[in-house]
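Report on the structure
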2 protein chains.
Amino acid sequence: MVSIKDIAKQAGVSISTVSYALNGSNKVTDETRSKILAIAKELNYVPNAAARTLKKRESKILGVFLTDFSGDVYGDLLSGMKSVCNAQGYDLIVCSGKQSHRMLPERMIDGAVILDHTFASKELLQYADRGHKIVVLDRELDHPNINQVLLDNKAGATLAMEHLIEQGHTKIYVVTGPEGSFDSAQRLKAVRQVSEREANVEWIEITGDFEKSGGERAAERIIQEYSQPVGVFCLNDEMAIGMCDRLAESELNIGRDIDIIGFDNIELSKYVQPRLVTIDYSKRKWGALAAEQLIKIIAGDPVDHERIYVTLVEGGSVNSQVQSDYHGHTQSEKAVSY
Amino acid sequence: MVSIKDIAKQAGVSISTVSYALNGSNKVTDETRSKILAIAKELNYVPNAAARTLKKRESKILGVFLTDFSGDVYGDLLSGMKSVCNAQGYDLIVCSGKQSHRMLPERMIDGAVILDHTFASKELLQYADRGHKIVVLDRELDHPNINQVLLDNKAGATLAMEHLIEQGHTKIYVVTGPEGSFDSAQRLKAVRQVSEREANVEWIEITGDFEKSGGERAAERIIQEYSQPVGVFCLNDEMAIGMCDRLAESELNIGRDIDIIGFDNIELSKYVQPRLVTIDYSKRKWGALAAEQLIKIIAGDPVDHERIYVTLVEGGSVNSQVQSDYHGHTQSEKAVSY
DNA sequence: TTGTAGGCGTTATCAA
DNA sequence: TTGATAACGCCTACAA
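Per an unreviewed UniProt entry, chain A goes by the name LacI family transcriptional regulator and belongs to Paenibacillus xylanivorans.

Right under this line is the structure:
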């Protein structure tokens, strides 16, 4: 491995001169600089990241932690983060699984974005206490070294519920996410609030898991209990699609016997038949904002918590018109922002 | 930041003793070890990765480089890689974009898996020359420090073409990937070979881009030229789905006027109407094998290039039966492995 | 403008 | 069984 020492020897200068030249310091003659640069290139010199990181106490790398690599949500989110990172001189790496948590405390990365509810809040707070900078996307956490960029779950869930209620539904199933999911809990809370305002609406909670299988299981229960047109709010699209899959094998017709609405507007939801009504938000912006916030707190700039706004996307999966002209609205309205 | 030096001071021993104790060496009394461990825990000691990497000249981190973060192919691939990595004491990070190439030459990672055709082969060879270990998933590269784990593109493309020909198609459009894509080139080569054997089959190449938009553009051309039932082999599912989307707006009926087959068996292909015929392979296994190979060459074990086998998945998107009993086959056969 | 030297936190080689 | 000490490759006062 060729180091600045080798370059120094070859150029007949000291290693500090080489270091200065390489780092573009102006404490060095143009002449020596170009000579050193030429030799560096000739020798195929590449700086050693570990040494630099050790000395400078920063790696210029940011990490994002995901529960798994598969989610459809992640693509845009990550590319949003990446573009901000790169523009600010940072590199982005994507990590998953408990093993890689060490990257943060061991100072391999300068900061982390968390979208992984299996990452314990207690652990995060511990890291924050030690001075590590963190942005959380999936929980509320109060600490000077932690910033939040959260979805406006309340608005989204409210939009969804009201959309179903506007169709005249008085019986609404709500399929939740897994135990411990912040998003699920928040959305559920909004569901509760809405239904408290609407005396004639009965809602039934079904425990799900944010995966297709959860939607399928929920579908089976609904099929069994079916007696009248119902609305279903799946707290994410994945489950909504699992439900549609299962329902397609039954005699119930989506958009007639049963109205379904999801959350996330993943790509698939546009392909399912009929098009899934869902709650949309800019995943790219979410990621970009998270990266911005992280870089700011690393720089020591003060930041406030941020919120990502949502809209309702209409489609054929809600179409029942159980009771027309309820509240004077009709399903034909365009997407509305909350 | 608390270092072994602090622990040493607190424990009244030297830093080397601390290092030994922390690394589980048996050159240290159980008594002193437990004392040191206790103090380390009490002080919240965390080793510094940069220092360790600098000294040991290895990071125990492997990197995988992707063109972008969005592809549907990646989820299973990455989780396959991760499980192998973790089992072998490595961590996995996912990178994208030119900026992050530096991770390899700067020795931040111990090796790389490449699935990014924008990563120049010349650059990879350069790194390999310097001793870096690499596994390529998207090209052929001959170098002692580089191993290949490639899809059996030839088998897949052959299966696809023969499936269309068995329907009686004598006119087949082939929609390619972007310039420079190895997979596209290989699949195209197989197409050429098949059609050389089949004198009465005419095939037309349309340049695509492996994205939905390319499939849409191809669809438009096919609609314009349409005069008789045709077969279309899109060299990946993404384009096939773009084509289906566009065709849905036209008068041509998929599976009757036009037969479509893709490649990759992405999740979406099961949701498109009718179900897309495609070429399937285990993405998880692909990733797992790539990781295994990489770890082996890092360890200095000799390895051969590997191949991932493919199968044909049937569906409604090929159903025309242009000319029945061609070759004595019918479309109702089950998926066959090549 | 360039050189000397100390140190970042570890590991590892010798002595003791 | 433990302790000094020298690296690993780089940066950066401070000196020359």
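So, on to the packing of aromatic side chains. Aromatic ring pairs are defined here through the distance separating the ring centres and the angle between the ring planes. Applying the stated criterion across every chain, the model contains eight aromatic pairs over all chains. Relative to Phe119 of chain A, the ring of Phe65 of chain A lies with its centre 5.6 Å away and its plane at 90 degrees, an arrangement referred to as edge-to-face. One end of the pair, Phe65 of chain A, is in strand β1 (residues 61-66); the other, Phe119 of chain A, is in the loop between β3 (111-115) and α6 (121-129), with 54 residues separating them in the sequence. Of the residues examined, Phe65 of chain A reaches a relative accessible area of 1% and is grouped as buried. Relative to Tyr281 of chain B, the ring of Phe263 of chain B has its centre 6.5 Å away and its plane inclined at 45 degrees; by these criteria the two rings are tilted. Of this pair, Phe263 of chain B sits in the loop between β9 (258-261) and β10 (278-280) while Tyr281 of chain B sits in the loop between β10 and α11 (283-299), and the two are 18 residues apart along the sequence. Judged by its relative accessible area of 0%, Phe263 of chain B is buried. The exposure class of Tyr281 of chain B is buried, given its relative accessible area of 5%. Three or more aromatic residues joined by ring pairs make a cluster, and in this case those are Phe65, Phe119 and Tyr127 of chain A. Between the NZ or CZ atom of Arg187 of chain B and the centre of the ring of Phe263 of chain B, over which it lies, the distance is 3.6 Å. Sitting over the face of the ring of Tyr281 of chain B, Lys283 of chain B holds its NZ or CZ atom 4.5 Å from the ring centroid.

Attention shifts here to the interface of chain A and chain B. The partner chain B presents 46 residues to the 46 residues of chain A that form the contact. Surface buried jointly by chain A and chain B totals about 4100 Å² across both partners, of which 61% is contributed by carbon and sulfur atoms. Here chain A and chain B share six salt bridges between them. We note a salt bridge from Lys212 of chain B to Glu267 of chain A, for which the minimum N-O separation is 2.3 Å. Across the contact surface, chain A and chain B share 13 residue pairs in polar contact (both at pLDDT 80 or more). For the side of chain A that touches chain B, the elements supplying multiple residues, two or more each, are α4 (49-56), α5 (74-87), β2 (91-96) and α10 (237-248) of chain A. Here the side of chain A that touches chain B is built from residues that sort into 20 nonpolar, 13 polar and 13 charged.

It is worth spelling out the side chain of Lys82 of chain A at this point. Mapped onto the secondary structure, Lys82 of chain A falls in helix α5. An unpaired buried charge is present at Lys82 of chain A: no salt bridge exists, and Asp91 of chain A, the closest side chain of opposite charge, is 7.0 Å distant.

Next up on the list: the UniProt feature "domain: HTH lacI-type" (unreviewed entry) in chain A. In this structure's numbering, the residues bearing the UniProt feature "domain: HTH lacI-type" (unreviewed entry) are residues 2-56 of chain A. For residues 2-56 of chain A, the end-to-end C-alpha separation is 20 Å, with 67% helix and 0% strand making up the annotated structure.

In the region of DNA strand C, 30 residues are neighbours, and Ser16, Thr17 and Thr29 of chain A together with Tyr20 and Tyr45 of chain B sit closest. Sugar and phosphate atoms represent 58% of those atoms of DNA strand C found within 4 Å of the protein. Here a base oxygen of DNA strand C and a side-chain polar atom of Ser16 of chain A are 3.1 Å apart. The contact in question runs from a phosphate oxygen of DNA strand C to an N or O atom on the side chain of Ser19 of chain B, over 3.2 Å.

So, on to the confidence of the model for chain A. The share of residues in chain A with pLDDT of 70 or more is 95%, and the mean pLDDT across the chain is 92. This stretch, residues 324-338 of chain A, has a pLDDT under 50; its non-local contacts, to residues over four places away or in other chains, come to 26 contacts.

Applying the stated criterion across every chain, the model contains 31 salt bridges over all chains. Its salt-bridge partner being Arg52 of chain A, residue Glu106 of chain B comes within 3.1 Å of it at the nearest N-O pair. Residue Glu106 of chain B is found in the loop between β2 (91-96) and β3 (111-115), and its partner Arg52 of chain A is found in helix α4; the two belong to separate chains. Glu106 of chain B sits in the buried class, given a relative accessible area of 8%. The class of Arg52 of chain A is partly exposed, set by a relative accessible area of 29%. For Arg102 of chain A, the salt bridge identified is with Asp91 of chain B, shortest N-O distance 3.2 Å. Linking Arg102 of chain A in the loop between β2 and β3 with Asp91 of chain B in strand β2, this pair reaches from one chain into another.

What counts, and where the lines are drawn
- Residues numbered from 1 in each chain as written.
- Chains lettered and ligands numbered in written order.
- Predicted model: local features only at pLDDT ≥ 70, side-chain atom pairs only at ≥ 80, totals over all residues.
- Heavy atoms only, no water.
- Phe/Tyr/Trp six-rings, centres within 6.5 Å; stacked < 30°, edge-to-face > 60°.
- Helix = DSSP H or I, 4+ residues; strand = E, 2+ residues; numbered from the N terminus.
- Buried < 20%, exposed > 50% of the residue type's maximum accessible area, 1.4 Å probe, protein only.
- Lys NZ or Arg CZ within 6 Å of the ring centre and 35° of its normal.
- Contact = heavy atoms within 4.5 Å.
- Buried area = accessible area lost by both parts, 1.4 Å probe.
- Salt bridge = Lys/Arg side-chain N within 4 Å of Asp/Glu carboxyl O.
- Polar contact = N/O pair within 3.5 Å; in protein donor to acceptor, adjacent residues only side chain to side chain.
- Nonpolar A, V, L, I, M, F, W, Y, C, P; charged D, E, K, R; others polar.
- Lys, Arg positive; Asp, Glu negative; His and termini not counted.
- UniProt positions renumbered as here; feature names shortened; annotations may be inferred.
- Near = heavy atom within 4 Å.
- pLDDT = per-residue confidence, 0-100.

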